[in-house]
Amino acid sequence: MSGFTALVLAGTRNAAGDGLNTATQLKAELVLAGTRMIDRVIAALSASPHITEIIVCGPENLGPWPNVAFFPPSASPARSIAAFLESRSAAGPLLITTADHALLSTAMVDHFCTQTLSLGCDLTVAMAEKAMVQAAYPGTKRTGYTFKDGAWCSCNIFGALSPKVRGVIQFWAFVEQNRKKPLRVVAAFGWLTLLGVLLRLWTVHGAIARAGMRFGIRAAPVIMPWAEAAIDVDTLNDKTLVESILAKRT
C-alpha cells in the first residue's frame, strides 16, 4: 500500500472565550516554547517516511511550508473531513490529526502508520491508557472511555484506509458536539452497545470493532505507548502543561 496522506485540521473554532482563540489569531498559531503548535505538527509529519503528502485544512496564511498543500476548511472538523474525502480521486491511506497536537512526534506517527497498515482495517483510532497518562502527568484531566480492560483516552489521530469510512464521518459531527460526554456518544450506537459498555462487557478492541460494525466497516484501536499522545491543547491548563513538557524536552 502507498504512503499516507496526512490531513491536519487547523480551522477556526467557535470558542473565543477559552483564552486560546482570538479575533486575530487561530489556536494553531499559538507559540509554545518558541514554536507555533502547527509548525510542530508539520515537522513531526514531515520527518516520517510513512507520510508522502501533507495537507493543512485551514487558511493558507498559516503557511507556507515546503511540500505542504492547503484545503479549505468547512464549518466543523467533521464537515472538513467529509469534504476532503469527497474531493479525493485516489483512495490511499489517510492519517488525520489536529493542529493543536503540539506533542506529536515522528515516533508516534511511525508507530500509528505501521500498526494501522498491519491491522488491515477500514478505520483506526489512536488510544492511550488513561492510567498511563495520569501516572505520567497526575495533574492533567483527560476524558476517558471505560471498558473491560480499563479507561482509555482518544489521541486525536485517526486512520482511514477505505472509502467506506465516509459514512462514519456523518456521525462524527455528533461526536464533536458531545466528546466530553462519553456515555452520550456510546448511547448513540444503540442501547445494547450502551449496556455493554456500562457492564464493561468489551475491551477497547471489542468496543471499537463493534462500533465499526454499525457502519459496516472494520475498525480497531491503535494503542499508543506514550502518555503525551493523549495530550492536546484544549484548555489554558493544557497549554501550561504542554509548555512545561516542551521545556523539559529542550
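Shown above is the structure to which this text applies.
Residues numbered from 1 in each chain as written. Predicted model: local features only at pLDDT ≥ 70, side-chain atom pairs only at ≥ 80, totals over all residues. Heavy atoms only, no water.

(A) Looking closely at the overall build of the chain. Scanning the chain from terminus to terminus reveals nine helices and 10 strands. Look at the contacts in the chain between residues 6 or more apart in sequence, and 72% of them connect residues 24 or more apart. Accessible area of the chain: about 11700 Å², with a carbon and sulfur share of 57%. (Helix = DSSP H or I, 4+ residues; strand = E, 2+ residues; numbered from the N terminus. Contact = heavy atoms within 4.5 Å. Areas by Shrake-Rupley, 256 points an atom, 1.4 Å probe, with all protein chains shown as cover.)

(B) Main features of the packing of aromatic side chains. As enumerated under the stated definition, the model contains two aromatic pairs in all. On the basis of an interplanar angle of 25° and a centroid distance of 5.9 Å, the ring pair of Trp65 and Phe70 is categorised as stacked. Centre to centre, the rings of Phe71 and Phe84 are 5.4 Å apart; their planes meet at 85°, and the pair counts as edge-to-face. Taken as a pair, Phe71 in strand S5 (residues 68-71) and Phe84 in helix H2 (residues 77-87) lie far apart in primary sequence, 13 residues in all. Of the two residues examined, Phe71 and Phe84, each falls in the buried class. (Phe/Tyr/Trp six-rings, centres within 6.5 Å; stacked < 30°, edge-to-face > 60°. Buried < 20%, exposed > 50% of the residue type's maximum accessible area, 1.4 Å probe, protein only.)

(C) Highlighting helix H8 (residues 204-214). Residues of H8 that are buried include every one of Val204, Ala207, Ile208 and Gly212, and no others. Down the axis of H8, the smallest arc covering the buried residues is 140°, so these residues share one side. In the core, the buried residues of H8 are packed alongside strand S7 (123-129), strand S8 (145-147), strand S9 (150-160) and strand S10 (219-223). Of the residues one or two after H8, Gly216 is the one with positive phi, at around 70°. (Arc of directions from axis to C-beta.)

(D) The arrangement of the side chain of Thr97 in detail. Residue placement: Thr97 occurs in strand S6 (residues 94-98). Not counting chain neighbours up to four residues away, the residues in contact with Thr97 comprise Leu7, Val8, Leu9, Val41, Leu45, Leu104, Asn156 and Ile157.

(E) Looking closely at the nonpolar core. Ile38, Leu45, Ile51, Val56, Leu95 and Met224 are the most contacted members of the largest nonpolar core, which has 47 residues in total. Among the secondary structure elements, those contributing two or more residues to this core are strand S1 (4-9), helix H1 (37-46), strand S4 (51-57), helix H3 (106-119), S7, S9 and helix H9 (236-249). When residues no more than four places from it in sequence are discounted, the contact partners of Met224 are Met108, His111, Phe112, Ala126, Met127, Ala128, Met132, Cys155, Ile157 and Ala229. If you look at the next biggest cluster of nonpolar residues, it comprises 28 residues, including Leu9, Phe84, Val165 and Ile208. (Core = buried A, V, L, I, M, F, W, Y, C linked by side-chain atoms within 4.5 Å.)

(F) Layout of the pairing of S6. With five of its five residues buried, S6 lies for the most part within the structure. Side chains of S6 alternate between two faces, with Leu94, Ile96 and Thr98 and Leu95 and Thr97 buried alike. Relative to S6, S1 runs parallel, the two being bridged by five bridges. The residue bridging Val8 from the neighbouring strand is Thr97, located in S6. Sheet analysis places S6 next to S9, joined by four bridges and oriented antiparallel. For Ile96, the partnering residue across the bridge sits in S9 and is Phe158. (Pairing = 2+ DSSP bridges.)

(G) Layout of unusual backbone geometry. In this model, Gly63 is joined to Pro64 through a cis peptide bond whose omega is 5°. Positive phi is not limited to glycine here, since Asn67 has a value of about 60°. Secondary-structure assignment places Asn67 in the loop between S4 and S5. The class for Asn67 is exposed, based on a relative accessible area of 78%.

(H) Seen up close, the pairing of S10. The buried fraction of S10 is high, at four of five residues. Sheet analysis places S7 next to S10, joined by five bridges and oriented parallel. If you follow Thr124 over to S10, its bridge partner there is Ala220.

(I) Structural context of the pattern of salt bridges. Summed over all chains, the structure comprises eight salt bridges. Arg36 is paired through a salt bridge with Asp39; the nearest N and O atoms lie 2.8 Å apart. With its nearest N and O atoms 3.5 Å apart, the salt bridge here joins Lys239 to Glu243. Residue Lys239 and its partner Glu243 are both found in helix H9; the two are separated by four residues, about one turn of the helix. Classification of Glu243 by relative accessible area gives partly exposed; the value is 26%. (Salt bridge = Lys/Arg side-chain N within 4 Å of Asp/Glu carboxyl O.)

(J) Quick look at the side chain of Ser80. For Ser80, the position within the fold is in helix H2. Among residues more than four places away in sequence, those in contact with Ser80 are Leu9, Cys57, Phe71, Pro73 and Ser74.

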